[in-house]
Each structure stands twice: as structure tokens, then as C-alpha cells.
Amino acid sequence: MLSILIVEDDPIIGHATQLWLSNDHACEWVQSLQQGIDAVKQLAEAKQHFDIIVLDLRLPDGNGFDFLRFLKRQKNNAGVIIMTAQGDVDDRVEGLDLGADDYLVKPIDFKELDARIRAVKRRRDGINTNIIEHLDLQLDVNGKTLTLNNEPVHLSNKEMALFTVLLQGRGRYYSKLMLEQRLYESEHEIESNSIEVHISSLRKKLGKSIIKTTRGLGYIIEKQ
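Residues numbered from 1 in each chain as written. Predicted model: local features only at pLDDT ≥ 70, side-chain atom pairs only at ≥ 80, totals over all residues. Heavy atoms only, no water.

*Asks:* For the overall build of the protein chain, give the residues involved together with the corresponding values.
*Replies:* On a plain count of helices and strands, the protein chain comes out with eight helices and 13 strands. Dimensions of the protein chain, computed from C-alpha atoms along their principal axes, come out at roughly 55 × 35 × 30 Å. Across the protein chain, contacts joining residues at least 24 apart in sequence account for 56% of those joining residues at least 6 apart. As displayed, the protein chain has an accessible area near 12,200 Å², and 48% of this comes from carbon and sulfur atoms. (Helix = DSSP H or I, 4+ residues; strand = E, 2+ residues; numbered from the N terminus. Contact = heavy atoms within 4.5 Å. Areas by Shrake-Rupley, 256 points an atom, 1.4 Å probe, with all protein chains shown as cover.)

What follows is the structure, given as C-alpha cells:
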């Protein structure tokens, strides 16, 4: 489940987009530039961020380009999909140059929007690259191998799955429930402390500071 922000002033389009995306994701919809900025700031205060932002360019109190500049100043790493009626090539170029990941011209097909969101998330998570490097760690996602200071580290299947989720999502918090859903989606019975046990084991093998815990937010591997 992704955290998605829709910045769209048209009530019909905004409501329909929120309804569609809310089937699979946590989705917030705002109708102005300032409301979008406030939503991002509020989440940042909780040390969290949106995974994806669906952004209209023409807003009642400003321009979507200003929102992109704000994200850049904040060093916010959310994936951005511009969704607008403006199909002008210069607008597309400016939006992409300011950090947008993709561009859809209205009217849109929601199934295409889903596909674009998945593609942006894969690129942002580095899934297109098999190797993820973090400090002295190197994780081969496809080969399911991990090295620390060039020495192999043995992880159980669940530890590998858990660490891969956290490492691909560096910079965001994962609650215990979110991790359980990722690791045990096809299992009916889950030990109540299984996530804590796996986290403890990972810290013993990789160092106590690699995975941080914040009460009320969850687990995080911080970006370097």
C-alpha cells in the first residue's frame, strides 16, 4: 500500500481519482497549491512522506511548477506524476526538468494511471537495479544475497524479505502491520512478535543502528 497525495482542483476529477486509488492505497486529496504544501509539511513533521504525488498544473492559488520547486527545496523524494489538461510540449519539458517523473494528459484512463504509479515506484525504489548499496552493505535483490564489508551475511528467508522491504524503502517508516502484510500475505496465522524477532536478529547480524524504531511510526532505514 502506497501513500498518495492528489493535488487537483476539479472536484469531479479529484473525487473520482481518490475513489479509484483508495481501493489499493492510502490516498489524500487536496484542491489547492497551499493545501498540497501543507499536506507535505505535515507528513514531514511526522518524519514520513508521500510515495507518489499526482499533481495538476493549473491550481486556483498558483502553479504546479511552484509545487515541484517546493518539493525540490525540501529534498522530498516522492514520485510525481503530472496530470493536467495542458498538453503543451513546453509544459511537459518544464515539469520533467523540475523533477516530475511522468506526465499524463487529461482525460486519463485510471488503469493507465495505476501502471504509471507502479513504474514510478519501481524506479524510485531502485528495483530496476538488482544491486542496492547502503553504507558497507550490498544487497542483490534478485540473487537474495547480502554482504557486509564484502563478507557474506546469512539471512533467513523472512529476514531477507524484511530487510529488502526496509532497504528499498529507505527514508520512510513501515509499521508492524505493514511489514506483516508484506511478509505474511498468504499465511493465516502470524506470531504476535515475529516482526520484532526478525528485527532483533537483523540488528545482531548487521549492527544495532541499521534499523531504527520510533514509537508510533514504526521501523526505518534512514537515507545516507
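*Asks:* How would you explain the nonpolar core if you had to name every residue and give the values?
*Replies:* Membership of the largest hydrophobic core comes to 25 residues, with the highest contact counts inside it found for Leu 146, Phe 163, Leu 166, Leu 179, Leu 206 and Ile 211. Secondary structure elements with two or more residues in this core: strand E9 (137-140), helix H6 (157-168), helix H7 (176-183) and helix H8 (194-206). Per element, the largest residue contribution to this core is six residues, and it comes from H6. Aside from chain neighbours lying at most four places away, what touches Phe 163 is Leu 137, Leu 146, Leu 155, Leu 202, Leu 206, Ile 210, Ile 211 and Ile 221. Judged by nonpolar contacts, the second largest core, of 23 residues, contains Leu 33, Leu 59, Ile 82 and Ala 100. (Core = buried A, V, L, I, M, F, W, Y, C linked by side-chain atoms within 4.5 Å. Buried < 20%, exposed > 50% of the residue type's maximum accessible area, 1.4 Å probe, protein only.)

*Asks:* For the pairing of strand E3 (residues 52-55), give the residues involved together with the corresponding values.
*Replies:* Of the two faces of E3, the one holding Ile 52 and Val 54 and the one holding Ile 53 and Leu 55 are both buried throughout. Pairing between strand E1 (residues 3-7) and E3: four bridges, direction parallel. Each residue of the ladder has a partner; that of Ile 6, found in E3, is Val 54. As paired elements, E3 and strand E6 (residues 79-84) share four bridges and run parallel to each other. Looking at the pairing, Ile 52 lines up with Gly 79 of E6. (Pairing = 2+ DSSP bridges.)

*Asks:* So what about H6? Which residues, and what values?
*Replies:* Residue pairs three or four apart in sequence face the same way in an α-helix, which turns once every 3.6 residues. Over its twelve residues, H6 runs 16 Å from end to end, which matches the ideal 16 Å to within 8%, given 1.5 Å per residue. Here H6 lies mainly inside the structure; nine of its twelve residues are buried. Residues of H6 that are buried include every one of Glu 159, Met 160, Leu 162, Phe 163, Thr 164, Val 165, Leu 166, Leu 167 and Gln 168, and no others. (Expected span 1.5 Å × (residues − 1).)

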